[in-house]
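Results of the structural survey
The residues making up each chain are set out below.
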Amino acid sequence: MPIPSIIDPSRTERIEFSNDEIARYSRHLIMPEVTLDGQKKLKAASVLCIGAGGLGSPILLYLAAAGIGRVGIVDNDVVDFSNLQRQVLHGTKDVGRSKCKSARERIRDINPNTQVDIYETYFTSENARKIAEPYDIIIDGTDNFQTRYLSNDLCVFTKKANVYGSIFRFDGQATVFAPHLGGPCYRCMFPEPPPPGMVPTCAEGGVLGVLPGIIGVIQAVEAVKLICGIGETLIGRLINFDALGMKFREFKLRKDPKCPVCGPNPTVTDLIDYDQFCGIPQQKKREEEDALVPHVSVEELKARLDRGDRFRFIDVREPFEWDICRLEKSELIPMAKLPARMSEFDSAEDVILICKNGARSGHAVKMFNEAGFTRVWNVAGGLLDWSDRIDSKLPKY
Ligand SMILES: [Zn+2]
């Protein structure tokens, strides 16, 4: 729906531009929908981007280039080699550096007129209000449910637009949540978070590196439109993008009259413990329990291999993971094929199971135990630990 600019006209009264800025923004200034007035709104505006990763990269690059006066970045991570495939804000030279600092340096190079505030911390119930306070728009560029619910609730309570984006493999979604301007909030769509571990993250399931480029740019476009007060915003609409089919689909979103935060009778009126709400402590407990299955360390595994001990050494990962790296003497039986192949095992022989990080193989040990096998061990920490502590020549992915 078309809505007026979220920037109060009084805020643009004193905004002026240097000749350099006039030249820099000239392609905006000559568009009747933007003009000097719209550019002043962009300069007066402030946007907080949660996450300087896949989505945050195009969001921050384009918003700074467009002349947003102030951007804030919340990120507690450092740049990793595995980020560079999609996080174009950071370069190879930045690996190991704080994402916030790397982002600030790049943004200052793109547009020194943009003020960049960095918050090298997680966005939490304790700090969210204070961090978000100076900003007009919050853009969610994270991929965890705790932050999604937190930024949603905060934006509902403080009447700020929340520009939403999510990505997974070849698919992405974007919308704008702003119940104070019409339309629903995130909780109207998803009243309850999914059980922890049910929805794989990009780190677990992968993501096409180009995809956040498209979704993040849609988020940046929406921020610019909200600020300039032009066009039709994504309030009340969700755009779904399928990269493989190259299809955009649009879904109408409706306000839930029973919504606990934006409905007429809200039951949630202040920020809550979002880790608890999303089942994170229960998930941690389950992981601790999984770690308690009989296990060996990578050092013990190496000693057993070096001694030539007799045992069946099974890698439960997928064949495409096996192609990336594997340990000599291990045998591939992907997790899904294990139940059907259980009869090939002798309950008197020792079995050692390995996967990328010890999680899947920990579950596999339980499957063996339930089938009556007792001489089965998990390699704690999996191939990642092997690469870290035994042989760094084994590639990590
Ligand atoms: Zn709602």
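Structure first, text after, so check above.
Residues numbered from 1 in each chain as written. Predicted model: local features only at pLDDT ≥ 70, side-chain atom pairs only at ≥ 80, totals over all residues. Heavy atoms only, no water.

Points about the coordination of the zinc ion
To keep it simple, the criterion reads: Only nitrogen, oxygen and sulfur atoms count as donors, using a 2.8 Å cut-off from the metal that widens to 3.2 Å for Na, K and Ca. Water is left out, so coordination shells may look unfilled. When four donors show all angles between 85 and 135 degrees the site is tetrahedral, when four or six donors have opposite pairs over 155 degrees and all other angles between 65 and 115 it is square planar or octahedral respectively, and in every other case it is irregular. Going along the chain from the N terminus, every DSSP run of H or I of four or more residues is numbered as a helix, and every run of E of two or more is numbered as a strand. Relative accessibility under 20% of the residue-type maximum defines a buried residue, over 50% an exposed one, and the middle range a partly exposed one, all with a 1.4 Å probe and only protein chains included.
Around the zinc ion, the protein contributes the donor atoms Cys185 (SG), Cys188 (SG), Cys259 (SG) and Cys262 (SG), which lie 2.2 to 2.3 Å from the metal centre. Given four donor atoms and angles of 95 to 123 degrees at the metal, the environment of the zinc ion is assigned as tetrahedral. For the zinc ion, all donor residues lie on one chain, and their spacing in sequence is C-x2-C-x70-C-x2-C. In this pair, Cys185 sits in the loop between β6 (171–177) and α8 (186–189) while Cys262 sits in the loop between β8 (247–252) and α11 (274–277), placing the two residues 77 residues apart along the sequence. Taking relative accessible area as the criterion, Cys185 reaches 0% and is therefore assigned buried.

Regarding the sheet that holds strand β5 (residues 161–168)
The following threshold applies: Strand pairing requires that DSSP identify at least two bridges connecting the strands. For helices, the fitted axis covers only the stretch in contact; all axes are lines through C-alpha atoms, and the angles between them, taken along N-to-C directions, range from 0 to 180 degrees.
Reading across from one edge, β3-β2-β1-β4-β5-β6-β7-β8 is the order of the eight strands in this open sheet, with mixed pairing throughout. The strands lining the two open edges of the sheet, one partner per strand, are β3 (115–119) and β8. With strand direction ignored, the average angle separating the axes of adjacent strands in the sheet is 15 degrees. In this sheet, strand β2 (residues 70–74) lies alongside strand β1 (residues 46–50) in parallel orientation, the contact comprising five bridges. Each residue of the ladder has a partner; that of Ser46, found in β2, is Arg70.

Details of the packing of aromatic side chains
Rule in force here: Only the six-membered ring of Trp is used, alongside the rings of Phe and Tyr, when aromatic pairs are assigned; centres must lie within 6.5 Å, and planes under 30 degrees apart are stacked while those over 60 apart are edge-to-face, with the rest tilted. The rule is short: NZ of Lys or CZ of Arg within 6 Å of the ring centre and within 35 degrees of the ring normal puts a charge over the ring.
Applying the stated criterion across every chain, the model contains twelve aromatic pairs. Between the aromatic rings of Tyr186 and Phe190, the centroid separation amounts to 5.2 Å while the plane-to-plane angle is 55 degrees, which identifies the pairing as tilted. Tyr186 sits in the buried class, given a relative accessible area of 2%. Here the aromatic residues Tyr149, Tyr164, Phe177, Tyr186, Phe190 and Phe277 are joined through ring pairs into a cluster of three or more. The ring of Phe277 has Arg187 lying over it, and the distance from NZ or CZ to the ring centre is 4.7 Å. Taking NZ or CZ as reference, Arg304 lies 5.1 Å from the ring centre of Trp377, over its face.

Some words on the pattern of salt bridges
Pairing between side chains of opposite charge can happen when their charged atoms approach one another. Condition: Within this document, salt bridges are pairs made up of a side-chain nitrogen of Lys or Arg and a carboxyl oxygen of Asp or Glu, the two lying within 4 Å of each other.
Per the stated rule, a full pass over the model turns up 27 salt bridges. With a closest N to O distance of 2.6 Å, Arg70 and Asp117 form a salt bridge. Of the two residues, Arg70 is situated in strand β2 and Asp117 in strand β3; the sequence distance between them amounts to 47 residues. You can call Arg70 partly exposed: its relative accessible area is 25%. For Asp77, the salt bridge is made with Lys99, and the minimal N-O distance between the two is 3.9 Å. Within this pair, whereas Asp77 is found in the loop between β2 and α5 (99–110), its partner Lys99 is found in helix α5, the two being separated by 22 residues in sequence. On the accessibility criterion, Asp77 (41% relative accessible area) is partly exposed. Ionic contacts of the salt-bridge type, sharing partners, join the residues Lys93, Asp94, Arg97 and Glu105 into one network.

Considering the packing of helix α4 (residues 56–66) against α5
What counts is decided by this rule: Angles below 35 degrees are treated as roughly parallel, those above 145 as roughly antiparallel, those between 65 and 115 as roughly perpendicular, and all remaining angles as oblique. Note on convention: near helix rotated counterclockwise from far helix by under a right angle means a left-handed crossing. Clockwise means right-handed. Here a residue-residue contact requires only that any non-hydrogen atoms of the pair lie within 4.5 Å.
Two elements in contact, α4 and α5, have axes separated by 9 Å at closest approach and are oriented at 30 degrees. Taken together, the axes of α4 and α5 lie roughly parallel to each other. Of the two possible hands of crossing, α4 and α5 adopt the one that is right-handed. Two secondary-structure elements touch here, α4 through Leu60, Leu61, Ala64 and Ala65 and α5 through Arg106, Ile107 and Ile110.

A few points about the sheet that holds strand β11 (residues 331–332)
The strand order across the open sheet built from five strands is β9-β13-β12-β10-β11, with neighbouring strands paired in parallel fashion. Where the open sheet ends on each side, the last strands, each with one partner, are β9 (295–296) and β11. Looking at chain direction, strand β10 (residues 312–315) and strand β12 (residues 351–354) are connected through four bridges and run parallel. Note that in β12 the partner of Ile314 across the bridge is Leu353.

Regarding the environment of Val210
Its location among the elements puts Val210 in the loop between α9 (202–205) and α10 (211–228). Each C-alpha atom, one on Val210 and one on Arg341, is 39 Å from the other, the two residues being 131 residues apart in sequence.

A closer look at the side chain of Arg312
Inclusion rule: Here a polar contact is recorded for every N or O atom pair within 3.5 Å, except that within protein the pair must consist of a potential hydrogen donor and a potential acceptor, and residues adjacent in sequence are included only if both atoms are side-chain atoms.
Within the secondary structure layout, Arg312 lies in strand β10. A distance of 2.7 Å separates polar atoms of two side chains, one belonging to Arg312 and the other to Glu331. Look past the residues within four positions of Arg312 in its chain and what remains in contact with it is Glu331, Ile333, Glu344, Phe345, Glu349, Asp350, Val351 and Ile352.

Comments concerning the environment of Cys100
Of note, Cys100 is situated in helix α5. Sequence separation between Cys100 and Asp75 is 25 residues, and the spatial gap between their C-alpha atoms is 6.1 Å.

Things to note about unusual backbone geometry
Comment: phi is negative for the bulk of residues other than glycine, and the bulk of peptide bonds are trans. For Arg169, which is not glycine, the phi dihedral falls at a positive 55 degrees. Topologically, Arg169 is positioned in the loop between β5 and β6. When its relative accessible area of 43% is taken as the criterion, Arg169 is described as partly exposed. For Met246, which is not glycine, the phi dihedral falls at a positive 45 degrees. By the secondary structure assignment, Met246 is in the loop between β7 (237–242) and β8. Overall, the relative accessible area of 57% leaves Met246 in the exposed class.

Keep in mind these values describe shape, not function.
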